Amino acid sequence: MDPFVTLTAPAVPLDIANIDTDQLLPARFLKKPRSAGYGNFLFHDERKPGFPLDDPAYAGAGILVADRNFGCGSSREGAVYALVDGGFRCVVAPSFGDIFAANAAKNGLLTVTLPEDVVAGLRRQLQEAPGAVVTVDLPAQTLTGPDGRALSFSIDPFKKECLVEGLDDVALTLRFQDAIDAFDRTDAERRPWVVPNGE
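Calculation notes
- Each residue is numbered by its place in its chain's sequence as written, counting from 1.
- Confidence filtering applies because this is a predicted model: local features only for residues at pLDDT of at least 70, side-chain atom pairs given and counted only at 80 or more, and all residues used for totals across whole chains, interfaces and linings.
- In computing side-chain values, all of the structure's heavy atoms are included and hydrogens and water are not.
- Strands were regarded as paired on the criterion that DSSP finds at least two bridges between them.
- Labels follow the DSSP assignment, with helices taken as runs of H or I lasting at least four residues and strands as runs of E lasting at least two, numbered in each case from the N terminus.
- With the strands pointing away from the viewer, any crossover whose connection runs clockwise from the first strand over the helix to the second is right-handed.
- A 1.4 Å probe rolled over the protein chains alone gives each residue an accessible area, and that area as a share of the maximum for its type sets the label: buried under 20%, exposed over 50%, partly exposed in between.
- Angles run from 0 to 180 degrees between N-to-C directions of axes, and those axes are lines fitted to C-alpha atoms, restricted for helices to the stretch in contact.
- What is meant by a nonpolar core is a set of buried Ala, Val, Leu, Ile, Met, Phe, Trp, Tyr and Cys residues, joined one to another through side-chain atoms within 4.5 Å.
- It only takes one pair of heavy atoms within 4.5 Å for two residues to be counted as in contact.
- UniProt positions are given in the numbering used here, feature names are shortened, and annotations may be inferred rather than shown by experiment.
- The aromatic pairing rule takes the rings of Phe, Tyr and Trp, using the six-membered ring of Trp, and pairs them if the centres are within 6.5 Å, calling planes under 30 degrees apart stacked, those over 60 edge-to-face and the rest tilted.
- Salt bridges are identified by distance alone: a Lys or Arg side-chain nitrogen within 4 Å of an Asp or Glu carboxyl oxygen.
- Cysteine sulfur pairs qualify as disulfides if the two atoms are within 2.5 Å.

### Section: the pairing of strand 4 (residues 110–113)
Item 1. Two strands pair when backbone bridges link them, and strand 3 (residues 90–93) and strand 4 are joined in this way by four bridges, in the parallel orientation. Each residue of the ladder has a partner; that of Ala93, found in strand 4, is Thr113.
Item 2. Where the polypeptide runs from strand 3 across helix 3 (residues 98–106) and back to strand 4, its parallel neighbour, the crossover connection is right-handed.

This is how it looks when you write it as structure tokens:
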């Protein structure tokens, strides 16, 4: 996955609490191949007149500033795919569904948790100045809003390392390739009966 170091991008506000994963990606689209991209299905059933993501003023947004309990509901990883395929690299909210947040980190999507009043203030700024940019500096753990105020956020150190270095679960495992190969060799010597013939 692509490393996440710093991001400066337009941000879109979403004043809806308790957005669940079925709203992010309705279940009927899960049968679609990921290779085709899930971006077109993001918030598919929520796209009513006035929906912020359809406002041309927020075109090209890479950051979503949402309300509390974002990504609650079922554990579908496709909800994260839809956000990433839709061009988002960061979601800011007062709280997240636990499984959603874990899936996000594994797919290069940063979740930033800030106090509810602070996030509400960010949404107001973005509503008053559509198209305004937000900067996220992951190594420094700061988010700078349209008003220029730098806000500090916390993140699990391991999650931060994986995002900054662009390490998904496969890449993490491959870090131990030499140790895995060494184990395979010594295990085959100790227990030759577990090695299929000819391998």
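### With respect to the environment of Asp20
Item 1. On the secondary structure map, Asp20 appears in the loop between strand 1 (6–13) and helix 1 (21–24).
Item 2. Overall, Asp20 belongs to the partly exposed group, its relative accessible area being 25%.
Item 3. Remark: the alpha-carbon pair of Asp20 and Phe96, spanning 76 residues in sequence, is separated by 9.8 Å.

### Quick word on the sheet that holds strand 2 (residues 63–65)
Item 1. If you walk across this open sheet you meet the seven strands as 4-3-2-1-5-6-7, and the pairing is mixed. Whereas interior strands pair on both sides, the edge strands pair on one side only; in this sheet they are strand 4 and strand 7 (150–152). Direction aside, neighbouring strands of the sheet carry axes that sit 25 degrees apart on average.
Item 2. Where strand 1 lies against strand 2, three bridges are found, and the strand directions are parallel. Following the sheet pairing, Ala11 is matched in strand 2 by Ile63.

### Comments concerning the nonpolar core
Item 1. In this structure, Leu24, Phe43, Leu64, Phe70, Leu83 and Phe88 are the most contacted members of the largest nonpolar core, which totals 30 residues.
Item 2. The dominant element in this core, judged by the number of residues it contributes, is helix 2 (residues 78–85), at five residues.
Item 3. Residues in contact with Leu64, not counting those within four places in the same chain, are Val12, Leu14, Phe43, Leu53, Phe70, Leu83, Phe88, Cys90, Val91 and Val92.
Item 4. Core analysis: the next-biggest nonpolar cluster, separate from the first, contains 24 residues, Ile63, Val118, Ala132 and Leu163 among them.

### What to know about the UniProt feature "domain: Aconitase A/isopropylmalate dehydratase small subunit swivel" (unreviewed entry) in the protein
Item 1. Residues annotated by UniProt as "domain: Aconitase A/isopropylmalate dehydratase small subunit swivel" (unreviewed entry) correspond here to residues 2–116.
Item 2. Summarising residues 2–116: 19% helix, 17% strand, and an end-to-end C-alpha distance of 29 Å.

### Brief notes about the packing of aromatic side chains
Item 1. All chains considered together, the criterion is met by seven aromatic pairs.
Item 2. A ring pair is formed by Phe70 and Phe96, whose centres lie 6.2 Å apart and whose planes are at 80 degrees; its orientation type is edge-to-face. Here the residue Phe70 occupies a position in the loop between strand 2 and helix 2, and Phe96 occupies one in the loop between strand 3 and helix 3, the gap between them amounting to 26 residues.
Item 3. With a relative accessible area of 11%, Phe96 lands in the buried category.
Item 4. An aromatic cluster of at least three residues, connected via ring pairs, comprises Phe29, Tyr38, Phe41 and Tyr81.

### A word on the pattern of salt bridges
Item 1. In total, this model carries 13 salt bridges according to the counting rule given.
Item 2. Here Asp67 makes a salt bridge to Arg123, at a shortest N to O gap of 3.7 Å. In this pair, Asp67 is assigned in the loop between strand 2 and helix 2 and Arg123 in helix 4 (residues 116–128), connecting sequence segments 56 residues apart. Arg123 matches Asp67 in its accessibility class, with the two residues each being buried.

### Here's the deal with the state of the cysteines
Linking two cysteines covalently through their sulfur atoms gives a disulfide.
Item 1. A complete count under the given rule lists zero disulfides for this structure.
Item 2. With no disulfide of its own, Cys72 has Cys90 as its nearest cysteine by sulfur position, at a separation of 18 Å.
Item 3. Unpaired in this structure, Cys90 has its nearest cysteine sulfur neighbour in Cys162, at a distance of 17 Å.

### Side note on the pairing of strand 5 (residues 133–137)
Item 1. Residues of strand 5 alternate between two faces, with Val134 and Val136 buried on one and Val133, Thr135 and Asp137 left unburied on the opposite face.
Item 2. One ladder, built from five bridges, connects strand 1 with strand 5; its direction is antiparallel. Along strand 5, the bridge assignment pairs Leu7 with Val136.
Item 3. Across three bridges, strand 5 lies against strand 6 (residues 142–144) in antiparallel orientation. When the sheet's bridge partners are listed, Val136 is paired in strand 6 with Leu143.

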